[in-house]
Structure formats: structure tokens, C-alpha cells
Amino acid sequence: MPHPVPHLVTAQSGPLLELEQRILDSMPAIERWFRMYWQDHTPPFYGSVDLRNAGFKLAPVDMNLFPGGFNNLSDAMLPCAVQAAQAAIEHLCPDARNLLLIPERHTRNTYYLTNVARLARILGMTGLEVRIGSLSDDIREPTTLELPTGETLRLEPLVRAKNRVGVAGFDPCAILLNNDLSAGTPAILRNLDDQVLVPPLHAGWTVRRKSHHFASYDEVADDFAKLLSIDPWMINPYFARCSSVDFQAREGEDCLSESVDLVLTRIRAKYKEYGITDAPFVIVKADAGTYGMGIMTVRDASEVRDLNRKQRNKMAVVKEGLQVSDVIIQEGVATRETVEDAVAEPVVYMIDRYVVGGFYRVNKERGIDENLNAPGMHFVPLAFASSCNLPDCNAPADAAPNRFYSYGVVARLALAAASIELDRTAHLLPAPLAAGAAALPAVAAVG
């Protein structure tokens, strides 16, 4: 069954088409640039990137280091994903036989659990024995869950013996987190001995900040823009950051208002430079956290001073009840793409340094300048596995395989920034636990 091709509301000309043509024409130099980059940097094990295509700009707006939508990818991506996972495992633990996958705590979200099953299947095809160890208090014994696909998923309680973690009778070389640690860094995962844990603990939202990522992306985008002789703004959203914000107590409003005004002023200058007539806007969102929570669209600085109680409560708390104190003010990038007349944005999935698939997040209830990761969304898979890596240089720049290749290039830039981000924030790891097992839960032995 053919996959839908996105429709751009704007005419297929102007700055974006010029950018896509420049990317297509520069493909050999781009691929060499990435090849040389990865000689000096280690990619995250996996990641997903939300992109926005405004018709005059193509930019990442979010980088997820714990992607939870492998179930939304096309079946056509599986061979590519398995090959990429094989490369990732070889870098991680070349002689690995056993891998422990630790998912999110929720055990009733069948869509997410289907993602876990798909991820476990990909990893299993690399020759690993994969077991799934749960942090959930509800999982106290091996539990088999029925999935809507007809598959079953077996969750087992985590156990720890001294400084190693596994499940009963299973001592893994490698541990893969598919849990973003919004609820905190579990003691059971700290101070592990001779086990590789990816992504590292400081990639979790207990420590990670989106502003750290986009500061790293600034550097990557500037360097890449020099390669293509383009304005880095074409692939990079402006941003600012405010700390010590308390929405409910109305603290930090001066910083928010000033930062919104600053970013809007910078956007207006670029719009004037390129003759763009759109009304600029920014996205104010929690600097830590995911699941589309703690996000609002702002068009004027006065709006962050006039929030009603419902809006303040919405912005104050994100996933797992994490309190919002740090906020990122990001240039709003409208999405001009539609799937079946609904607003859509591409999401690109990567394992190691490779694009392995993608899908469109589609939301009929949201506008082009709003967050689409919200109630009413659904997903449309696209065969990124082939088209992201095989552009057609004889076709127009906006032909589907070439547009998807551009998506993949910009997504890989975000992945490159994530590698810098993780290197530079390693010192922010949670403090080591005191010697002895007092801080650890009483658990059965591994093996």
C-alpha cells in the first residue's frame, strides 16, 4: 500500500525549495561531513526528532532521547532498523548476548506497550536475548500482557545483586532505557558495575534540559550552514531560557515577558529580511519533560503576564507530576504540511547514526502554529527507511524521496547536537549513592 505524500500549502518555490535543492546538490559533501563528524563523537543509542516545515524554513523543534513510537513506523523500515541496531550494539557491547529493556512505568497504555514489543523485536533480530524489566510497582512477578496486535508482552520485576541489575535468572551485558526518568533517577539503576546503560542517566528529564540541547544545536547548525553556504536560521529556531519560574505563584514573569519579546524581535528581523508576511510567534514550554505537556503558543509578550488560573496550572506541572521551574522560549515554526487536510508534522526515528523510519503526527484539532502532540492526534507511517537514504538527484528537489532526504539530514543534525549535549552534561549525573546497600531496595539476586 503506498504511503501518503505530504501536501505543502505554500507554493513549491522560494526559500525552502532553494534549501532543499542546496541539500540535494550537496549530498556527497553532506554525507562526508556526517562521516567525519561521527569519527569524533558517539551518537546516542537512538532518538527521534520532531520537525517543522514552514515553507520557508525546515527545523527541529524537539529531540527525544527515549523514543516511544516504534509501533508507528512502517513495516518497511524493519530491515534498516535491525541493521542500525546491530551497529549500535557492536559499539555498545560487541560480545553482548543478553540485553535488558526497561520501559516506562505505565502498564495500561497499550499503544506504548506495542512500541515496547516492536523495539524488543528489532533488538531480538540482532541476535540478542531480550528481556523486559519493569520499574512499575504493579509488576511484582512475571506478567504477560495482551496487546491489540495479538502479540503478548512479558514484563518482569527488576532485581539487583550487588552492583548489577537484571531480572530473575538473567544477567545482561547491556541495559537499554525506554524510560525518560521523569519520575526521578531510580536508586536501583545507579552505581552499576560492568554493565552498559544507555541512554545514560543524565539523559533523563531529572537532569536533562532542552535548552542544553538547542545550545549544542546552535553550534552544529552554524558549522553545517557554512558547508552549504546558507543562513543557519533556515534550519535553526531561535530560543531563550528562563529559570526560577513558578507559574502558580506568578514568579519569573518579568524574565518570561522579556525573553518572549527578545525572541519575537529576532524573528521579525528575519521575516523582514526574507519578505515573510506571517505573524511571528513563540512556543513557551517546560525546559524538561515530554508528552506534549507544559506547552503554549504566545504571539505577544503581554500574554505570559495575563495567564488565567487554568493556563497557569497547565504550565506548572508536566509528566509524572514534575514541577516546572525552568522554561524554554523557542521560535515558533509553523507547519504548512497536511495529511488528508489535517495539520501534520514529520517525526524522524534514528538508531545509532542512521535514519530508520518516520511518521507524520497528524492532528485535525490543532492549527499550524500549535503543538500537535495533544489529544486528537494520530500517526501516519512513511517509508523513511528507503527514501531518507536514497534521494533521486534526477527528480525535483520537492519530490517525495528528496524532501524526505532533507528531513533525514536535519534530523541527523539534531542527533549530532545530542551527542555534544550528552558529553557536556555528563557532570550533571545524579550524585553517587553512599557506600553500602542502604539506599537500594531489597531485591532478589540476579542470575
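These numbers were taken from a predicted model, which means no experiment stands behind them.

1. Side note on the overall build of the protein chain
Helices and strands together make up the secondary structure of the protein chain, namely 9 helices and 19 strands. Taking all 447 residues of the protein chain together, 58% fall into the buried category. Within the protein chain, contacts between residues at least 6 apart in sequence are counted, and of these 71% link residues at least 24 apart. Surface exposure of the protein chain reaches about 18700 Å², of which carbon and sulfur atoms provide 50%.

2. Section: the state of the cysteines
Two cysteines whose sulfur atoms are joined by a covalent bond form what is called a disulfide. Applying the stated criterion to the full structure yields 2 disulfides. Here C93 is linked by a disulfide to C173, with a sulfur-sulfur distance of 1.7 Å. Its torsion about the S-S bond being 110°, the disulfide of C93 and C173 is classed as right-handed. Within this pair, whereas C93 is found in the loop between α3 (78–92) and β4 (98–103), its partner C173 is found in the loop between β9 (164–166) and β10 (174–178), the two being separated by 80 residues in sequence. For C93, a relative accessible area of 7% corresponds to the buried category. Along the protein chain, the cysteines that take part in disulfide bonds pair up as 1-2, 3-4, counted in sequence order.

3. Re helix α2 (residues 27–40)
With 14 residues, α2 extends 21 Å from end C-alpha to end C-alpha; this agrees with the ideal 20 Å at 1.5 Å per step. Where α2 is concerned, the buried positions are I30, W33, F34, Y37 and W38. Down the axis of α2, the buried set is contained in an arc of 125°. They therefore lie on one face. Among the exposed residues of α2, those pointing more than 90 degrees away from its buried face are P28 and Q39.

4. Quick word on the sheet that holds strand β7 (residues 152–157)
The strand order β6-β7-β5-β4-β10-β11 describes an open sheet built from 6 strands, whose pairing is mixed. The open sheet has two edge strands with one neighbour each: β6 (143–146) and β11 (196–198). Put simply, the sheet's adjacent strands are angled 30° from each other on average, direction ignored. Where β10 lies against β11, 3 bridges are found, and the strand directions are parallel.

5. Section: the sheet that holds strand β15 (residues 327–331)
With antiparallel pairing, 4 strands are arranged side by side in an open sheet as β12-β15-β13-β14. In the strand order of this sheet, the two ends are held by β12 (239–242) and β14 (295–298), each with one partner. Strand-to-strand twist of the sheet, defined as the mean angle between neighbouring strand axes without regard to direction, takes the value 20°. As judged from the 5 bridges shared by strand β13 (residues 282–286) and β15, these two strands associate in the antiparallel manner. Looking at β15, one finds that I283 is bridged to Q330. With respect to the sheet, helix α5 (residues 210–228) is in contact with β12, β13 and β15, its orientation differing from that of β12 by roughly 150°. Along the sheet, helix α6 (residues 253–274) makes contact with β12, β13, β14 and β15, crossing β12 at roughly 175°.

6. Thoughts on α3
Residues separated by three or four positions in an α-helix point in the same direction, a consequence of the helix having 3.6 residues per turn. Between the first and last C-alpha of α3 there are 20 Å, a value that for 15 residues agrees with the 21 Å anticipated at 1.5 Å per step. Inspection of α3 places L78, C80, A81, V82, A84, A85, A87, A88, I89 and L92 among the buried residues, and these make up the whole buried set.

7. Considering the packing of α2 against α5
When two helices pack together, you describe them by how their axes are tilted relative to each other and by the distance separating the axes. With their axes 10 Å apart at the nearest point, α2 and α5 run at an angle of 145° to one another. Seen from above, α2 lies across α5 with right-handed handedness. Packed against α2, whose contacting residues are A29, I30, W33 and Y37, the element α5 presents V220, D223, F224, L227 and L228 at the interface. Here the residues of the contact of α2 with α5 sort into 8 nonpolar, no polar and 1 charged.

8. Quick notes on the confidence of the model for the protein chain
Confidence in the prediction for the protein chain averages 86 pLDDT; 87% of positions are at 70 or higher. Confidence drops under pLDDT 50 across residues 433–447; counting only partners more than four residues distant or on other chains, this segment forms 33 contacts.

9. Overview of the packing of aromatic side chains
Each aromatic ring pair is characterised by the separation of its centres together with the angle its planes make. On inspection of all chains with the given rule, the structure shows 17 aromatic pairs. Aromatic side chains W33 and Y37 sit 5.6 Å apart centroid to centroid with 20° between the ring planes, which places their arrangement in the stacked category. Within this pair, W33 and its partner Y37 are both found in helix α2, separated by 4 residues, close to a single helical turn. Considered together, W33 and Y37 belong to a single accessibility category, that of buried residues. On the numbers, 5.0 Å between centres and 90° between planes, the contact of Y37 with W38 is edge-to-face. Overall, the relative accessible area of 10% leaves Y37 in the buried class. Relative accessible area serves as the criterion here: at 7%, W38 is assigned to the buried category. One aromatic cluster in this structure is built from F45, Y46, F70, Y349, F359 and F379. Here K210 stacks its cationic end above the ring of W205, 5.6 Å away from the centre of that ring. The ring of F34 has R412 sitting right over it, with the charged end atom 4.4 Å from the ring centre.

Rules behind the numbers
- Residues numbered from 1 in each chain as written.
- Predicted model: local features only at pLDDT ≥ 70, side-chain atom pairs only at ≥ 80, totals over all residues.
- Heavy atoms only, no water.
- Helix = DSSP H or I, 4+ residues; strand = E, 2+ residues; numbered from the N terminus.
- Buried < 20%, exposed > 50% of the residue type's maximum accessible area, 1.4 Å probe, protein only.
- Contact = heavy atoms within 4.5 Å.
- Areas by Shrake-Rupley, 256 points an atom, 1.4 Å probe, with all protein chains shown as cover.
- Disulfide = S-S within 2.5 Å.
- Expected span 1.5 Å × (residues − 1).
- Arc of directions from axis to C-beta.
- Pairing = 2+ DSSP bridges.
- Axes fitted to C-alpha atoms, helices over the stretch in contact; angles between N-to-C directions.
- Left-handed = near helix turned anticlockwise from the far one by under 90°.
- Nonpolar A, V, L, I, M, F, W, Y, C, P; charged D, E, K, R; others polar.
- pLDDT = per-residue confidence, 0-100.
- Phe/Tyr/Trp six-rings, centres within 6.5 Å; stacked < 30°, edge-to-face > 60°.
- Lys NZ or Arg CZ within 6 Å of the ring centre and 35° of its normal.

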